[in-house]
Amino acid sequence: MMTKIQYILFYTLFRMLAALPFALLYALSDMIFVLVYYIVRYRRKLVWRNLTTSFPGQDEATLRQTERQFYHWLCDYIFETIKLLNISNEKLLRHIEFRGVEQLEQCFDKGQDCAAILGHYCNWEWLSATELAYQRHPDTVTGLIYHPLYNDAFDQLFIDIRKAHGGVCIPKQEILRHLVTYKRENRRSLFGYISDQAPRWHNIHLWLPFLNHDTPVFTGGERIMRKMDDAVFYVEMERPKRGQYICTFKLVSPHASQEPENEITRRFFQMLEATITREPSYYLWTHNRWKRTHEEFDRQYIMVKGKAILREEFKES
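Residues numbered from 1 in each chain as written. Predicted model: local features only at pLDDT ≥ 70, side-chain atom pairs only at ≥ 80, totals over all residues. Heavy atoms only, no water.

With respect to the overall build of the protein
- For the protein, the count of helices and strands is 12 helices and 11 strands.
- Rg of the C-alpha trace for the protein: 20 Å, near the compact-globule value of 20 Å for 317 residues, within the 12% margin.
- Summarising its shape, the C-alpha atoms of the protein cover approximately 60 × 50 × 45 Å along the three principal directions.
- Within the protein, buried positions represent 50% of all 317 residues.
- Long-range pairs, those at least 24 residues apart, make up 76% of the contacts in the protein with a sequence separation of at least 6. (Helix = DSSP H or I, 4+ residues; strand = E, 2+ residues; numbered from the N terminus. Rg over C-alpha atoms; globule rule 2.2 N^0.38 Å. Buried < 20%, exposed > 50% of the residue type's maximum accessible area, 1.4 Å probe, protein only. Contact = heavy atoms within 4.5 Å.)

Rendered as structure tokens:
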């Protein structure tokens, strides 16, 4: 009952905010920035640590500017995401430009499904409108694979937001079953895999250099892409000005099943790092991405047949 009440209250608030024009939403964002950055100081120490360790050659003044720009964008991201609840498809397409969509449709023409691999960069929530850019395949199932939030009310709110412009939301544990069903029904699909999260200890299968860190990464998305033989595209986002995004689909692999193991994941992190390095203020620096170290992993775990097993459990077995 409490979850339902929470959902109704927050949904009502979000709908009221979403009805405001962008100018007012950005004015609110500017006020929230002052609160978040200067007063609450939300995760300031973590953001500063992430920035200084990712760009050790940068001077402090440049990093402080990046830090402030990041918090400005983070506040904008919140209101831009809420706006998805009350904006027409036509108006939304005036705020986001999709490039490279013709490559996706060429794959659909051949009966091949696609996968989009992306990071927490710019406003990834606006990618739920990708299907609005199709010219020949408007019935393609387009959506995002997501990890359900702990708060059920907020989880449902974000599902509502992501579905507002035709997107489909599927929990990551269920995606393979859905993809197989779509293929059997001869329905083309494009799903986005946000692939730069920090995996739990037992889900670590690969470490890669990323932003000057030895970084544990997920490989589950790639395994699904290889199994389905998707054409894989990197989603590069840009923000030329406030309220405007450019989303470009760049081919990573025409046939995922033909790539060496982990190659798609390696290419993705190289491309994401290049994107972040060009304009670092639009990356999600509040995430504690490097809390797990390779040294600690090697001390506690051992890899057995591709799985991370606690050394104590391995000894007992």
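Some remarks on the packing of helix 3 (residues 44-54) against helix 4 (residues 60-83)
- Following both chains from N to C, one finds helix 3 and helix 4 inclined at 130 degrees, their axes separated by 10 Å at the closest point. Taken together, the axis directions place helix 3 and helix 4 in an arrangement best described as oblique. Handedness of the helix 3/helix 4 crossing: right-handed. Residues Arg44, Val47, Trp48, Leu51 and Thr52 of helix 3 form the contact with helix 4, whose participating residues are Glu60, Leu63, Arg64, Thr66, Glu67, Phe70 and Tyr71.
- Class assignment of the residues belonging to the contact of helix 3 with helix 4 gives a composition of six nonpolar, two polar and four charged. (Axes fitted to C-alpha atoms, helices over the stretch in contact; angles between N-to-C directions. Parallel < 35°, antiparallel > 145°, perpendicular 65-115°, else oblique. Left-handed = near helix turned anticlockwise from the far one by under 90°. Nonpolar A, V, L, I, M, F, W, Y, C, P; charged D, E, K, R; others polar.)

Points about a nonpolar patch on the surface
- On the surface, Ile32, Val34, Leu35, Tyr38, Ile39, Val40 and Tyr42 cluster together into a nonpolar patch covering about 640 Å² of accessible area.
- Looking at where isoleucine 39 falls in the secondary structure, it is placed in helix 2 (residues 22-40). (Patch = residues over 30% accessible without salt bridge, like charges linked within 9 Å, V, L, I, M, F, W, Y side chains within 5 Å. Areas by Shrake-Rupley, 256 points an atom, 1.4 Å probe, with all protein chains shown as cover. Salt bridge = Lys/Arg side-chain N within 4 Å of Asp/Glu carboxyl O.)

So, the pairing of strand 3 (residues 141-146)
- Burial analysis of strand 3 places six of its six residues in the buried class, the great majority of the element.
- The β-α-β motif built from strand 3, the intervening helix 7 (residues 152-163) and the parallel element strand 4 (residues 168-171) has right-handed crossover chirality. (Right-handed = clockwise from strand over helix to strand, strands pointing away.)

Overview of helix 2
- Taken residue by residue, helix 2 has Phe22, Leu25, Tyr26, Ser29, Phe33, Val36 and Tyr37 as its buried positions.
- Taken from the residues just after helix 2, arginine 41 is the one with a positive phi, measuring 55 degrees.

Considering the side chain of aspartate 76
- On the secondary structure map, aspartate 76 appears in helix 4.
- Residue aspartate 76 is classed as buried on the basis of its relative accessible area, which comes to 2%.
- Here the side chain of aspartate 76 touches arginine 239 through a polar contact of 3.1 Å, side chain to side chain.
- Other than its neighbours up to four places away in sequence, aspartate 76 contacts Tyr26, Ser29, Arg239 and Arg242. (Polar contact = N/O pair within 3.5 Å; in protein donor to acceptor, adjacent residues only side chain to side chain.)

Description of a positive patch on the surface
- Among the surface-exposed residues, Arg43, Lys172, Arg200 and Lys291 lie close enough to one another that they form a single positively charged patch.
- Along the chain, the position of arginine 43 falls in the loop between helix 2 and helix 3.
- For arginine 43, a relative accessible area of 42% gives the class partly exposed. (Lys, Arg positive; Asp, Glu negative; His and termini not counted. Charge placed at Lys NZ, Arg CZ, Asp CG, Glu CD.)

Quick notes on the state of the cysteines
- One pass over the structure, following the stated rule, counts zero disulfides.
- Take cysteine 75: it sits in no disulfide, and the sulfur closest to it among the cysteines is that of cysteine 122, at 15 Å.
- Cysteine cysteine 122 is unpaired, with the sulfur of cysteine 247 as its nearest cysteine sulfur at 9.7 Å. (Disulfide = S-S within 2.5 Å.)

Some points on empty space enclosed by the protein
- For the coordinates displayed, the defined rule picks out three cavities of 30 Å³ or more.
- Its volume calculated, the largest cavity comes out at about 200 Å³.
- Looking at the largest cavity, it is lined by 20 residues, and the ones nearest its centre are Leu127, Ser128, Gly143, Leu144 and Gly192.
- Residue assignment for the lining of the largest cavity shows that the elements contributing at least two residues are strand 2 (114-118), strand 3, strand 4 and strand 5 (189-194). (1 Å grid on protein atoms, 1.4 Å probe; cavity = no way out; pocket = protein on both sides within 12 Å on 5 of 7 lines; lining within 4 Å. Points joined across faces, edges and corners; volume = space filled by probe spheres on them.)

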